[in-house]
Each structure stands twice: as C-alpha cells, then as structure tokens.
Amino acid sequence: MIVLHGVAAGKGIAVGRAHLVVRGVSEVPQHDIAEEDLADEVERFETAVKTTRRQLEQLRSAIPENAPTELGAFISLHLMLLADVTLSREPIDIVYEQHINAEWALKIQTDRLSEQFDAMEDEYLRERKQDMLQVVERLQRNLIGQSTELNLDANLLDDTILIAHDLSPADTVYFKDQRIEGFVTDTGGAVSHTAILGRSLNIPSVIGLGNARKLISEHEWVIVDGISGILIIEPDDLILAEYRKLQRAYRSRQRELNKLKKTAATTEDGEEIELLANIESAEDVKALHGSGADGVGLLRSEYLFLNRDNPPDEEEQYQFYSDIVKKLKGKPLTIRTIDLGVDKNPRWFGHNGTPNAALNPALGLTGIRLSHAEPVMFRTQMCAVLRAAVHGPVRMMWPMVASVSELKQCIVHLEAARRQLSERGETFGDVEIGCMIEIPSAALTVSTVLKYVDFISIGTNDLIQYTLSVDRSDDSVSYLYQPAHPAVIRLLAHIIRTANRIGKSVSVCGEMAGDTDYTRLLLGLGLRTFSMNTANLLAVKDVVIHSNTEELESEMAKITRNEDPDKAEGLLKKLNAV
Ligand code: PEP
Ligand code: MG
C-alpha cells in the first residue's frame, strides 16, 4: 500500500481501478503555407526538433539509479532517430516542395517511414517502428503546442479512476461524457482550471501528486480521497473498509445538505444572501436547479471554443446561450466573454505569437487583451449574447480587465455590435454590463472602474495569483497560494466596500466563494453575492444561515489590520468559530 498527498480538487471519495492516461496526438492540423512564409514554417519545425532533443537529453540525464539499464539506451536510440535526416531534414523538404505546414509534412514523412519499417525482414528492425512513432509523437506535440488532446479509451470500466501526469482544462471537459469515478494528476494547483473542473463535475479528484503516474499500474485498485487530498494505491482491507465508511458518511452529509435546497439563504440577522452558480454548459443547469441556486454568476463561455477545429459562429453561439437562458426559466445568466490564453488555447487559434508560446503566458495575450486583438471574434460573441438576451435576463461580463481604457474599448465594441444587429434587422435584448476584478490594478482603481459598469465580480483565483505572484497552476509553489494573505484580504475589503458605497452589485466568483473556510470572512467584509460551482452551494448556504453579519463585521477590524501572513490562518479560524 502506498499513500500519496496532493491537493484536494473535486470533493468526495472514490474507490476504483486505475486507468493510466496515455497521451497521443489525436489530430494533425493541415494547411497550406504561402511562399513568403515557408522560411518561418521551417524555422518552427527546427525549433520543435531542438526542443524535442533537449527534452530527451534531459530525460536521459535524469534517469533514476534503480531504473532498468536499457532505459538510457532507449532514450539514446530516440535521440539517434531524431537526428537522422529522415526525421530532421526530409520533412523540411516536404514543406518546401508541397507548401504545407510542418505538422502535415511530418505526418506524410511518418507514413512513408512506417511503410518502410513494415517492409523490413529483420524483426528487430521492424520493431523499431514503435520507437520512431514515439519520437514523432513527441515532435508533433512540440510543434502543436499544448493543444494535443486526451484520447480516452471508449470502453472504460464503470469504476475507472484516471491517472494522468497532466490534464489540461480541455481534457477535463471530456469527462462530462464519460463515466469516471475519480481522477488524479501529478501536476496542478488548487485553483488550476483542471481542479476547478474536477469540482464542478463533482468527481472526486486529487491533483499535484508529484509522481503518482509512475507508481501505479493499469487496473490497480486505488482510493481517491478528494476531501483530504490523498491517493492510496493498493489499499489493504482495513483501509478499504475505513474508506467505505468515510464514503457513506460523506454521502449522508450530502443528503442532509440536500434538505437545504428550498431554504432561503438568509443570515441569523436577516441579511439575504444571493447564491449563484458557476457553469460551463447547458448541461450544468440541471445541477443548478437541483442546488437551488439563484442564477448563474459566471458562465465560462470559452469552453464552447475548445476541443474543436473552428470557433463557433454567431448562430451556434446564439443557440448555445439562448438554450441556457431558456433553461434558467427567468433566473439571471452572467456570460463571461471568452477568457482564452494561458492554459486554455483552442487548436484553431492561430494568432501571431500564440499565447501559450509566450514566456509568461499569464502576463501575456490573455482574457480581454486577446478579445481586443481579435475584434471580429469578440463582436461575433457580443452579437450572439445580445440576441440571446431576448429570451431572459442576461449580463455580459469581461474578464481580466486591468484598466478602464480596456473597458472603454469594450463599450465601443458593444455599441458597434448593437449597430450591426440593428442594420441586419435582428432583434436583441438589453444586457447589464460588468467586469471581473482579478488584476490588482483594477482592484486598486475600482471606484473608476465602477463608473463604466453595472456590476463587478471578483475573480479571486487570479487576484490571488497576481497579488502574491504565485502561479495558480504550479504545484511547486502552491504552499504560497494563500487566500487569507493580508494583502488579499485588504484588496477584497477595498473592492467590496467601494462597490457597496457606490451602490453597485459586487460578487465573488473565484473558488473562495465556494470554500466554506472563507464564507464568514466574505460576509464580514460585506459581500452579499457569492458565485460558485453548484457542488459547494448547499454547504455554503449552511454556513450562511448560521452566521450573523453584524457580529462578523465587528470582527473585521482585527483581520484587516493584520499584516502578518502567519497570523492570518489563526484569525480566520477564530472567526469561523464565532
Ligand atoms: C477567477 O480568476 O477567480 C475566475 C473566476 O476566473 P477563472 O478561474 O476562469 O480564471
Ligand atoms: Mg480568472
């Protein structure tokens, strides 16, 4: 039995059999290259070859002492194959001859080489085909960037627990169509999008486990404890029995919470709290109604743009949004315009300097910057949102705004989108406009931001990342990711107080809103609207109805005056015990 500690993502406990996720390049892009761009394309290929070589060399130098001796020889063989003209030079000739992209040229060359290997008489040499394919796969992955996707076995068992080194948000959305008991990953932080999806899918999951993938064999029994962030490999009978008990206790607590569905989220002193849901698609609306949420505080619309070859056009987007609006039956829908870049990069996205190729993608072309760089795409989305607003209350929210100049630009686009629809004779509705406050510069200038919008929503996931300079997805620094850090609390206090003073609506839609450890803190700071994944909503409601905001507010001075991060947790614990 082996016990590994990671970060709890999706709550609950899963017991099942391991399925190791093997990555493959699912689809190779194919397009023509103009004569004047051929040299750039070849340079891209050469860079990918260099990256692949570097990766293999690093792998060879990091082989553990107890690893089989042939491992080093295998990697050397891969390096040799990579250096051979058939892989490093001939695809370039194909690019020049056929005016096609490097990935497709590599595919053509791979098919040729495969045929040659198959025709070999010597069995040993014939078997080297597999090595060649592995090298090509790595090379293709480096060419394509992060947009390689998960290839899940269609015949997964019912009690499957996926074990992956790494899962992208795009991978995780596939789980919606699969029956998966739980998943674990070697990489990832508590508020990475992979973790957020694990939570919203309500699948027990633990991430940031380090080396789990290497320690587990296919079909081995594992326990995923998504409450404490633990993975147990080959549990003994005693542990298994203990976990079955915990699983029952967790389910019975969920049943208790379910009784709160129709209870109003009103505090002991009569403050009415609005509890909204974060969703990704129309399928999530059922769970939203099941949780008794008051509406949608955050639709992460970018998920509609992932895992496909082309972006959705206006009509498809209109159908997608209006389907959700109708299903919400009068409850409000907040549509966040696409927040792509960093870890969410659609494969069709061919903008110059693809965001994930940047050295610091989180500081690069992402969120609203990306939408401004792609005005046609942005306006198309705006038109679809405006049209969907005919069917019910819709709010449009812009992500990652750093300063008011970006907001003003959004408003110009919105006016243009309205004009465009009028000229086409299309009917459209009214929308409230708002933005996320998730960059410290926007937080510190929030009173000016509020002049341009009807509402704001605090994205604590990014606000914490940028305030503390801690990558939200990097498990090696996750111990520094502190939502209760005094700097974060001060920013939250400032934003909420300013919005309340001006009389504009403010919510939190980051993970903090769905974490019961912070419910009382946020109530005390004056927050009255929380938006979270529906799986956490009833637990938050349970805290709300047992809280007194006046009492909490009187405790805030101590907390907001504190400047010592080491004291923050203690102060929070005391507050939660009030
Ligand atoms: C946030 O940053 O808190 C947020 C809600 O947006 P996302 O997690 O999608 O970046
Ligand atoms: Mg964000």
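Throughout what follows, the structure given in this document is the object of discussion. (Residues numbered from 1 in each chain as written. Chains lettered and ligands numbered in written order. Predicted model: local features only at pLDDT ≥ 70, side-chain atom pairs only at ≥ 80, totals over all residues. Heavy atoms only, no water.)

Taken together, 15 residues form the shell around ligand 1, and within it Arg-300, Arg-336, Gly-459, Asn-461 and Arg-472 come nearest. In the model, an oxygen atom of ligand 1 is placed 2.7 Å from a nitrogen or oxygen of the Arg-300 side chain. At a separation of 2.9 Å, an oxygen atom of ligand 1 approaches a polar side-chain atom of Glu-438. Counting only elements with at least two residues in the shell around ligand 1, the list comes to helix H8 (193-200), strand E10 (296-300) and helix H18 (460-468). Broken down by class, the residue content of the shell around ligand 1 amounts to four nonpolar, five polar and six charged. (Near = heavy atom within 4 Å. Polar contact = N/O pair within 3.5 Å; in protein donor to acceptor, adjacent residues only side chain to side chain. Helix = DSSP H or I, 4+ residues; strand = E, 2+ residues; numbered from the N terminus. Nonpolar A, V, L, I, M, F, W, Y, C, P; charged D, E, K, R; others polar.)

Quick look at the coordination of the magnesium ion (ligand 2) now. Binding of the magnesium ion (ligand 2) to the protein goes through Glu-438 (OE) and Asp-462 (OD), at separations of 2.0 to 2.1 Å. Here Asp-462 lies in helix H18 and Glu-438 lies in the loop between strand E13 (431-437) and helix H16 (440-444), a separation of 24 residues in the sequence. (Donors = N, O, S within 2.8 Å, 3.2 Å for Na, K, Ca; no water.)

Now for the packing of aromatic side chains. Throughout the structure, instances matching the rule amount to one aromatic pair. Their ring planes at 70° and their centres at 5.5 Å tell us that Phe-320 and Tyr-321 sit as a pair that is edge-to-face. The pair formed by Phe-320 and Tyr-321 is uniform in burial state, with each residue classed as buried. Positioned over the ring face of Trp-104 is Lys-107, at 5.5 Å from the centre of the ring. Taking the ring centre of Tyr-318 as reference, the NZ or CZ of Arg-387 above it sits at 4.1 Å. (Phe/Tyr/Trp six-rings, centres within 6.5 Å; stacked < 30°, edge-to-face > 60°. Buried < 20%, exposed > 50% of the residue type's maximum accessible area, 1.4 Å probe, protein only. Lys NZ or Arg CZ within 6 Å of the ring centre and 35° of its normal.)

Moving on, we come to the pairing of strand E9 (residues 274-279). Extensive coverage of E9 is indicated by the burial of five of its six residues. Pairing between E9 and strand E16 (residues 529-532): four bridges, direction parallel. In the strand pairing of E16, Leu-276 is matched with Ser-531. Pairing of E9 with E10, which is carried by three bridges, proceeds in the parallel orientation. Bridge pairing in E10 places Asn-278 opposite Leu-298. Crossover handedness for the path E9 to helix H11 (residues 284-291) to E10: right-handed. (Pairing = 2+ DSSP bridges. Right-handed = clockwise from strand over helix to strand, strands pointing away.)

Contact pair helix H4 (residues 90-98) / helix H5 (residues 102-118): the axes reach a minimum separation of 8 Å and the direction vectors enclose 120°. Here H5 runs oblique to H4, going by the angle between their axes. The element H4 and its partner H5 pack so that their crossing is right-handed. On H5, the residues that touch Glu-90, Pro-91, Ile-94, Val-95 and Gln-98 of H4 are Ala-102, Ala-105, Leu-106, Ile-108, Gln-109 and Arg-112. Residue composition of the contact of H4 with H5, grouped by class: seven nonpolar, two polar and two charged. (Axes fitted to C-alpha atoms, helices over the stretch in contact; angles between N-to-C directions. Parallel < 35°, antiparallel > 145°, perpendicular 65-115°, else oblique. Left-handed = near helix turned anticlockwise from the far one by under 90°. Contact = heavy atoms within 4.5 Å.)

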